[in-house]
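# Coordinate analysis (summary)
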Amino acid sequence: MVIDRMAALVEGWLTAADAWRRRHPWLNGDIIASTLVLVLSVYFFADSVRLGLSNGQQAAPGTFPALISAGIAICSAIWLIGALLKLRAPDEPDAAPSPAVAQAEDGDNGAGDTVLSESANWRVVFLLAWSALLLPLTETIGMVPMLFVYLLGLFVVIARSAIWKSALVIGVVLLVFAWGAYEGRIYMPDPFRLGRAIHNLLSSLTGGAI
Amino acid sequence: MDILAGLAGGFSLVLTPEPLMYALIGCVLGMLTGVIPGFGPSAATAMLLPLAFFLGPVPSIIMMAAIYYGSMYGGTITSVLINVPGEVASVVTCIDGYEMTKQGQAGKALAISAIGSFIGGSVAFVGLVFATSFSQFAVGLGPRELFAITIFALALIVGLADKSLVKGLVGAGVGLFIGFVGLDPLTAQGRFTFGNPNLADGIDFIVVAIGVIGLAEILDSLAMRTVIDFSGNVGKVRVSWRDLKDSAGAITRGTGLGFFMGLLPGSPAAAATFTSYMLEKRFAKHPETFGKGAIQGVAGPETTNNALGMSNYIPLLALGIPSSTTMAILLGAFTINGLQPGPLLFVKSPDIAWTIIASLFVANVMLFIMAMPLVRVWTAFLKIPTLALYCATMGFMTIGAFSVRNNMIDVLIMWIAGLVGLAMKRLDVPTAPLALTLVLGPILEQNFRRAVAIEQGDYFRLLFSSTVCQVIYGTLCVLLLIKLWSVFTGRKRSSAPVTQ
């Protein structure tokens, strides 16, 4: 119940943020992405120039990156201008949905139907925000627990159903992976030594056969 | 005779227990991943690419080829049974395939697509074998020409495959830039590493490919809240003589169309399958049945898709240029095993080259043998909760990315790439140019720098000093003009009042 309420709270915040974004049309994905790419390409162009553009009669380490970053800068500028011009133009009618997307509404599907919800923008925002937790979590609790927390968060907030079943499925699958990685000599960050613990447990259960 | 002798040698190496086992495992893994809703061949091959690390060059290529074919058929299963195409090329299969499922004829649709795929793939294989003689011509090409050919292929992929040229170019540029990160191969000077020693070795292609192509698919499915519930009836998995007779024309036309469209770098599979569908509708005695479960509407596009998949190997093996995202990933599987596809592969390692070619046919046969009897197994797989499939896939990807260098930075890069891939999907930025330039970037820069050195810094001579380069750049200019003309006339047409 508590988890469900928290998920609803997060969804509420993100929906409000999405509504605020919709009230500011200049904050659309095209404008943000093209500006970001433009700024990065200018930065990388400057860095390429620093690396050197000519090395006698040979190309220097910065020659090709400078050419490419200049090209990206031009393309992203065109993209940005196009996005800004679109703001002034009247809205175009929506394209017809693809056969895979044009399906039944939530909860009213027959056999073999696909259910897709509406815009889902807030879920994308949540994905981005939640993913920022990946690195600090991995460094502190290890890869398998991190994946457990991360995936559970995704399923709790996004799937919003069968939370305990989700936790069980995710837990079992990840423990199998932890054991598989240990047996395969892939030594992941594992401060709690889960892989070894599962190995020892299976060994004792099978009398050393595994 | 060299070709036939080489092929015989290749088959003698492939038809042994170990390669056959890898082909079998590849087919099963490919079908398993292809059945995951929304997962196409490119996402499936990207996800399973880390496996190529642990096997030798030949087994890993055999397995990747089998994964490719298996995932294509897995995508067909989801298209037919639950109306979810694995990739854009399979969208057209949904139209009549899903209608057949509604009529209780899913088994027939899956059987005819397996038969069509096998025939298309086998005929295209014969074409592939004889097309390898092109590689002898390509042996004489220098860095200038290889640079020009790569630019040509990239331009076709970016310009012709997608609607937005600008976004395609940005995607290609980003892919190239990722390839620059690390030590400069000639001077060992650090480039764009931000002082991080973990980036000195560069960003691994596999890690980015898993993120941008595989992880982004799952994140997108999660964001779209895709829920699959299949409880339909497959019916009998077989076709009658009458069905075969009805589909013979579609299979023949699909084979020819797929083979020739696959030769063009950047020819999108979706365009080929849609063309096939329209072609069948035009040739059909009863075009009104299309969209209502016409068997030709499944046989034609599926045959085209498989023939195209086989002939896509021709530019890869003869010139070293991948013509699609999946081929770029397969090129990655070659390079991580120290092989460079292209003309020199047939000169330096003819055994490996012919073994790989023979393995493509073996994978095609194996898929045909396994496809029909195991349809019910894959159908049962669809009944596993989507949640568990996504969870297992994400776990596999994370551990796969970590295993590349046993370094957490790769996991981080994979997740960042996944989020970038998701943003690209949302913004309609094509991911195919990014995947291709990721692989081709280092080759392109290497040829560029060699050519500059040969021409002693004269960039004009680099572009126009050889006849091959002049022809390539001339053709590119003509294609660019055609593209601009089509954009211009398309805009005029879209601004005209709609009457239909």
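Rules behind the numbers
- Residues numbered from 1 in each chain as written.
- Chains lettered and ligands numbered in written order.
- Predicted model: local features only at pLDDT ≥ 70, side-chain atom pairs only at ≥ 80, totals over all residues.
- Heavy atoms only, no water.
- Helix = DSSP H or I, 4+ residues; strand = E, 2+ residues; numbered from the N terminus.
- Buried < 20%, exposed > 50% of the residue type's maximum accessible area, 1.4 Å probe, protein only.
- Contact = heavy atoms within 4.5 Å.
- Areas by Shrake-Rupley, 256 points an atom, 1.4 Å probe, with all protein chains shown as cover.
- Lys, Arg positive; Asp, Glu negative; His and termini not counted.
- Charge placed at Lys NZ, Arg CZ, Asp CG, Glu CD.
- Axes fitted to C-alpha atoms, helices over the stretch in contact; angles between N-to-C directions.
- Parallel < 35°, antiparallel > 145°, perpendicular 65-115°, else oblique.
- Left-handed = near helix turned anticlockwise from the far one by under 90°.
- Disulfide = S-S within 2.5 Å.
- Salt bridge = Lys/Arg side-chain N within 4 Å of Asp/Glu carboxyl O.
- Phe/Tyr/Trp six-rings, centres within 6.5 Å; stacked < 30°, edge-to-face > 60°.
- Lys NZ or Arg CZ within 6 Å of the ring centre and 35° of its normal.
- Core = buried A, V, L, I, M, F, W, Y, C linked by side-chain atoms within 4.5 Å.
- Expected span 1.5 Å × (residues − 1).
- Polar contact = N/O pair within 3.5 Å; in protein donor to acceptor, adjacent residues only side chain to side chain.

## Some thoughts on the overall build of chain B
A tally of regular secondary structure across chain B gives 24 helices and three strands. In terms of principal-axis extent, the alpha carbons of chain B reach across some 70 × 55 × 50 Å. Taken across its 500 residues, chain B has 61% of its residues classed as buried. Within chain B, residue pairs in contact and separated by at least 24 positions form 80% of the contacts whose partners lie at least 6 positions apart. By element, 67% of the accessible surface of chain B is carried by carbon and sulfur atoms, the whole surface being about 18,800 Å². Separation between the mean location of the 29 positive side-chain charges and that of the 24 negative ones in chain B comes to 9 Å.

## Some points on the overall build of chain A
When you go through chain A residue by residue, the secondary structure sums to eight helices and three strands. In sequence order, the secondary structure elements of chain A are arranged as α-α-β-β-α-β-α-α-α-α-α. Pairs at least 24 residues apart make up 51% of the contacts formed inside chain A by residues separated by at least 6 positions. Put simply, chain A shows about 12,000 Å² of open surface, and 68% of that area lies on carbon and sulfur atoms.

## Considerations on the packing of helix 5 (residues 57-82) of chain B against helix 16 (residues 325-336) of chain B
Residues and elements named next belong to chain B. Orientation of helix 5 relative to helix 16, taken along the N-to-C sense of each, is 165°, at an axis distance of 10 Å. In terms of their interaxial angle, helix 5 and helix 16 are classed as roughly antiparallel. Crossing of helix 5 against helix 16: the hand is right-handed. Two secondary-structure elements touch here, helix 5 through Ile-61, Met-64, Ala-65 and Tyr-68 and helix 16 through Thr-326, Met-327, Leu-330, Ala-333 and Phe-334.

## Describing the side chain of Asp-204 of chain B
All names here are of chain B. Here Asp-204 is to be found in the loop between strand 2 (190-191) and helix 11 (205-224). Classification of Asp-204 by relative accessible area gives buried; the value is 17%. Residues in contact with Asp-204, not counting those within four places in the same chain, are Val-404 and Arg-405.

## Examining the state of the cysteines
Residue and element names in this part refer to chain B. Evaluated as defined, the whole model comprises zero disulfides over all chains. A disulfide-free cysteine, Cys-477 has its sulfur positioned 13 Å from the sulfur of Cys-469, the nearest such atom. The exposure class of Cys-477 is partly exposed, given its relative accessible area of 47%.

## Structural notes on the pattern of salt bridges
Residues and elements named next belong to chain B. Per the counting criterion, the structure on display carries 12 salt bridges over all chains. Residue Arg-449 is joined to Asp-184 by a salt bridge in which the shortest nitrogen-to-oxygen separation is 2.5 Å. With Arg-449 in helix 22 (residues 432-454) and Asp-184 in the loop between strand 1 (182-183) and strand 2, this residue pair connects regions lying 265 residues apart in the sequence. The exposure class assigned to Asp-184 is buried, which follows from its relative accessible area of 2%. The salt bridge involving Arg-253 is made with Glu-280; its shortest N-O contact spans 2.8 Å. Taken together, the positions of Arg-253 in helix 12 (residues 241-263) and Glu-280 in helix 13 (residues 269-283) put the pair 27 residues apart, joining distant regions of the chain. The class for Arg-253 is partly exposed, based on a relative accessible area of 28%. Three or more residues joined by partner-sharing salt bridges are found here, namely Asp-184, Arg-191, Glu-445 and Arg-449.

## Some details on the packing of aromatic side chains
By the definition in use, this model includes 19 aromatic pairs over all chains. Judged by centre distance (5.8 Å) and plane angle (85°), the ring pair of Phe-64 of chain A and Phe-180 of chain B falls under edge-to-face. Note that Phe-64 of chain A is positioned in helix 3 (residues 63-88) and Phe-180 of chain B in helix 10 (residues 165-180), a pairing that runs across two chains. Taken together, the aromatic side chains of Tyr-43, Phe-44 and Phe-64 of chain A together with Phe-147, Phe-177, Phe-180, Phe-192, Phe-194 and Phe-448 of chain B make up a single cluster linked through ring pairs. Here the guanidinium or amino end of Arg-253 of chain B rests over the ring plane of Phe-283 of chain B, the centre of that ring lying 4.4 Å away.

## A closer look at the nonpolar core
Residues and elements named next belong to chain B. By size, the foremost hydrophobic cluster in this structure holds 189 residues, and its most contacted members are Tyr-313 and Met-394. Counting residues per element, this core draws most heavily on helix 5, at 16 residues. Aside from chain neighbours lying at most four places away, what touches Tyr-313 is Ala-65, Tyr-68, Tyr-69, Leu-128, Ala-318, Met-327, Leu-330 and Leu-360. Listed in part, the five residues of the second largest apolar core include Val-92, Ala-284, Phe-290 and Ala-294.

## Topic: the environment of Gly-75 of chain B
Residues and elements named next belong to chain B. For Gly-75, the location among the structural elements is in helix 5. Take Gly-75: its relative accessible area is 2%, and that puts it in the buried class. For the pair Gly-75 and Thr-93, spaced 18 residues apart in sequence, the C-alpha separation works out to 9.9 Å.

## Description of helix 7 (residues 106-131) of chain B
Over its 26 residues, helix 7 of chain B extends 36 Å from the first C-alpha to the last, a length consistent with the 38 Å expected when each residue adds 1.5 Å. Burial within helix 7 of chain B is extensive, with 20 of its 26 residues counted as buried.

## Structural notes on the side chain of Ser-113 of chain B
All names here are of chain B. By secondary structure assignment, the location of Ser-113 is in helix 7. Under the relative-accessibility criterion, Ser-113 is labelled buried at 0%. Within the structure, Ser-113 has its side chain in polar contact with the backbone oxygen of Leu-110 (distance 2.9 Å).

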